[in-house]
Amino acid sequence: MTSMNAPLLASSALLSPPALRFDGVAYSREEKALLGPCSFTLDGIGPTLVMGPNGAGKSLLLRLAHGLLSPTQGRVTWSDDRTPRQAMVFQQPVLLRRSAVANLIHALAVNKVPRGERVKLASGALERFGLTACAKTPARVLSGGQQQRLALARAWVLSPQVLFLDEPTSALDPAAIKAVEAAVREFHQRGTRIVMTTHDIHQARRLAGDVLFLSGGAVREHTPAEVFFDVPASREAQAFISGELVE
Amino acid sequence: MENNAFYVALSLLLNFDAPLYQIVALSLQVSLLAVLIAALLGFPLGAAVALWRFRGRGGVIVVLNALMGLPPVVAGLVVYLLLSRAGPLGEWGLLFTPGAMVIAQVVLVLPILAALSRQKVEEMLGEYREQFVSLGMSRARMMPTLLWDARFALLTVLFAGFGRASAEVGAVMMVGGNIEGVTRVMTTSIVLETGKGNLPLALGLGIVLLTLVMLINAGAYLVGEFSRRRTG
C-alpha cells in the first residue's frame, strides 16, 4: 500500500474511482454452487448498492470483490491492472481490544504510514466521525453506532479508492444509521468507489447510484437506481421492490 | 505455647528470619526468571502455531498439550542428563546451581505458556481474521497485534505458569540439589525440614508458599475482571 498524504487525496477526488470487473466469477464450497457464474463491471460513479434477499450471495460477492475469498472460477480485475487501495466495513465491526484512537493508529501502522503522522491523521478522522470525546475509550465498550463509526473512521484514515460495506447499518438505530449514511456520502464525495450491501430498500433509494440485484446466487439486474426502482426488469426484482417475499 | 510449631513459624516470619527469607528470595528469583524466559519463547511459539498451517501442526499441538502435564521429576531427569558432567551440556558446569533450576523450570513452564497462548491466540484470530486480511496484514504482522490484544488472557496464563514453577519440587530438587544457601528453595526445604522434624521452618515456608499461591490466583482473578470491563 502506498503512503497517504493530502495532495494525493485532493487529486484522487477528481479522478474517477477504479472500475471493478467480474469475469464469469463463481464461488462454490464443497461442490455446492453458492454464487455465479456472474459477469459485470462497476465503472459508474456509484454508489453501487448490492441488493437481494438473504442468502442471495450479497456478502459473498463483496468478499470476492475485496479479495477475502478467491473465486473458484473466473476472475476479479480492476481497471488499471493493479489492485487499488481498498477497505471494508463489516456488519459487526471487528475492533481491536484497545482504545478508539489506538485502533486507528494500528491501521495506519500496518499501512506503513510514518510514525510522526499517525496521531494527527487518527485524531482528524475521530473528529470527522464525531468520536473525539471517546478517543481514549476502549473500542469495545463503545455503543454499536459508535463502533460502526469507528470502523468507518478506520477505513477513512486508509484513504481507500474502493470501500466495501457489508450491511453496515443492519444492527443500528435510526440516528446511528443516519450517521453511517452521511459517512458513506462523504466517502463518495471524496471519489471513493462505494460497493455496499443492504436489504433495506429505503436505504438503497437514499444512497444508490446504481443497483446490483442478486437472487439465488445470480446477478439478475445491474441498472441505474432510477431505472431499478421505477421499472425493474427482472421478475425477481419486481417482486422484491413490491415487497413480496423473494427467495 | 512456645513449642507449638505454628507459633514458631509465625514468629520466624514476623521477625524476618534471615535464612527463611533467603530461601523465599531465591525461590522467587528462580521461578520469575524461568517464567520470563518461558514467556519470551512460549508466547511467540504459541502464536506461530496458531497462525501458520504446516505439516504436523496437529502433532505439535498434541505434544504441547501433553507436555503441560509433564511430571516435574521427568523434566528434572532430562535436564540432569543434559547438564551432568558426561552430558552434552556438561561443560557449562551448571548442575547444582540456580541456573540449572531455572532451565528445569523453563522446560516445565514453556509447554503451558505455549499451549495456552496458542488456544487464546487462535480464538482471537477466528474473530479478527477477515479484518486483518482486509487490512492487508501478513501472518508475521498479525502476530504482535494478536499477542498484544490477548494481553490480559496471556497475563492469566503467565500466572498459571508461575504457580506451576514456584510450587513444584521434583525438578529443582534433582538439578539444584537443595544445597543450603545456594540452591535451597521453599519447596525443597519444606521436604528437608519436615524430614528432619524441624516443623516450624517447614510450616513457615508452607505459609509463605500458600500465601504466594493465593496472591497469584487473586491476581489472575483481578486481571480477568479488569479485562472484562475493558473489552466489554
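In this text the structure is predicted, and so the values were computed from the model without any measurement. (Residues numbered from 1 in each chain as written. Chains lettered and ligands numbered in written order. Predicted model: local features only at pLDDT ≥ 70, side-chain atom pairs only at ≥ 80, totals over all residues.)

## A few points about the overall build of chain A
Helix and strand content of chain A: 9 helices and 9 strands. Expressed as a percentage of the 247 residues in chain A, the buried residues total 47%. Counting only contacts in chain A whose residues sit at least 6 apart along the sequence, the fraction spanning at least 24 positions is 69%. (Helix = DSSP H or I, 4+ residues; strand = E, 2+ residues; numbered from the N terminus. Buried ≥ 20, exposed ≤ 12 C-beta atoms within 10 Å, placed from the backbone. Contact = placed C-beta atoms within 7 Å.)

## Considerations on the overall build of chain B
Of the regular secondary structure elements, chain B holds 10 helices and 0 strands. From first element to last, N terminus to C terminus, chain B shows the α and β order α-α-α-α-α-α-α-α-α-α. Considering only C-alpha atoms, chain B reaches an extent of 70 × 50 × 25 Å along its principal axes. Within chain B, contacts between residues at least 6 apart in sequence are counted, and of these 80% link residues at least 24 apart.

## Describing the packing of helix α2 (residues 18-51) of chain B against helix α10 (residues 199-231) of chain B
All names here are of chain B. Interhelical geometry of α2 versus α10 gives an angle of 40° and a closest axis separation of 11 Å. By the angle between their axes, α2 is oblique relative to α10. Considering how the two elements wind past one another, α2 and α10 form a crossing that is right-handed. Along its contact with α2, which presents Leu 20, Ile 23 and Val 24, the element α10 presents Leu 201, Gly 204, Leu 205 and Val 208. Here the contact of α2 with α10 is composed, by residue class, of 6 nonpolar, 1 polar and no charged. (Axes fitted to C-alpha atoms, helices over the stretch in contact; angles between N-to-C directions. Parallel < 35°, antiparallel > 145°, perpendicular 65-115°, else oblique. Left-handed = near helix turned anticlockwise from the far one by under 90°. Nonpolar A, V, L, I, M, F, W, Y, C, P; charged D, E, K, R; others polar.)

## Things to note about the environment of Pro 71 of chain B
All names here are of chain B. Along the chain, Pro 71 falls in the loop between α3 (57-67) and α4 (72-83). Look at Pro 71 and you get exposed, because 12 C-beta atoms sit within 10 Å. Along the sequence, Pro 71 and Leu 108 sit 37 residues apart, while their C-alpha atoms lie 8.2 Å from each other.

## What to know about helix α3 (residues 100-110) of chain A
α3 of chain A sits mainly inside the fold: 8 of its 11 residues count as buried. Turning to α3 of chain A, its buried residues number three or more, namely Ala 100, Val 101, Asn 103, Leu 104, Ile 105, His 106, Ala 107 and Leu 108 of chain A. Tucked inside the fold, the buried residues of α3 of chain A contact α4 (115-128) and α5 (144-157) of chain A together with α6 (139-149) of chain B.

## Examining the interface of chain B and chain A
On the side of chain A, 15 residues touch chain B, which itself brings 15 residues to the contact. Elements represented by at least two residues in the side of chain B that touches chain A include exactly α5 (98-134), α6 and α10 of chain B. Take the side of chain B that touches chain A: its biggest share by element is 6 residues, from α5 of chain B. When grouped by side-chain class, the residues that make up the side of chain B that touches chain A number 4 nonpolar, 6 polar and 5 charged.

## Side note on the sheet that holds strand β3 (residues 48-51) of chain A
Residues and elements named next belong to chain A. Pairing is mixed across the open sheet formed by 6 strands, whose spatial order is β5-β6-β7-β3-β8-β9. Since the sheet does not close on itself, it has two edges, and those belong to β5 (86-89) and β9 (218-224), each with one partner. Taken over all neighbouring pairs, the strand axes of this sheet differ in orientation by 15° on average, direction set aside. The pairing of β5 with strand β6 (residues 162-166) spans 4 bridges and is classified as parallel. The residue bridging Met 88 from the neighbouring strand is Phe 164, located in β6. Strands β6 and β7 (193-197) of the sheet are contacted by helix α6 (residues 174-189), whose axis makes an angle of about 150° with β7. (Pairing = 2+ DSSP bridges.)

## Overview of the sheet that holds strand β1 (residues 20-29) of chain A
All names here are of chain A. Spatially, the 3 strands line up as an open sheet ordered β2-β1-β4, and their pairing is antiparallel. This sheet does not close on itself; its edge strands, each paired only once, are β2 (32-42) and β4 (73-78). Across this sheet, the average inter-strand angle for adjacent strands is 20°, counted without regard to direction. Pairing geometry for β1 and β4, over 5 bridges, is antiparallel. Its bridge partner being in β4, Arg 21 is matched across the sheet by Thr 77. The strands touched by helix α2 (residues 58-66) within the sheet are β1, β2 and β4, with β1 carrying the most contacts at an inclination of about 120°.

## Section: the pairing of β9 of chain A
Bridge analysis of strand β8 (residues 210-215) of chain A against β9 of chain A gives 6 bridges, and the strand direction is antiparallel. Looking across to β9 of chain A, one finds that Phe 213 of chain A is bridged to Glu 221 of chain A.

## As for the confidence of the model for chain A
Residue and element names in this part refer to chain A. Across chain A, pLDDT averages 87, with 92% of residues at or above 70. For chain A, helix α1 (residues 6-12) is the element with the lowest average pLDDT, namely 41, and α3 is the one with the highest, namely 96. Residue range residues 1-14 is modelled with pLDDT below 50. Its contacts to residues more than four positions away, or to other chains, number 13 contacts. (pLDDT = per-residue confidence, 0-100.)

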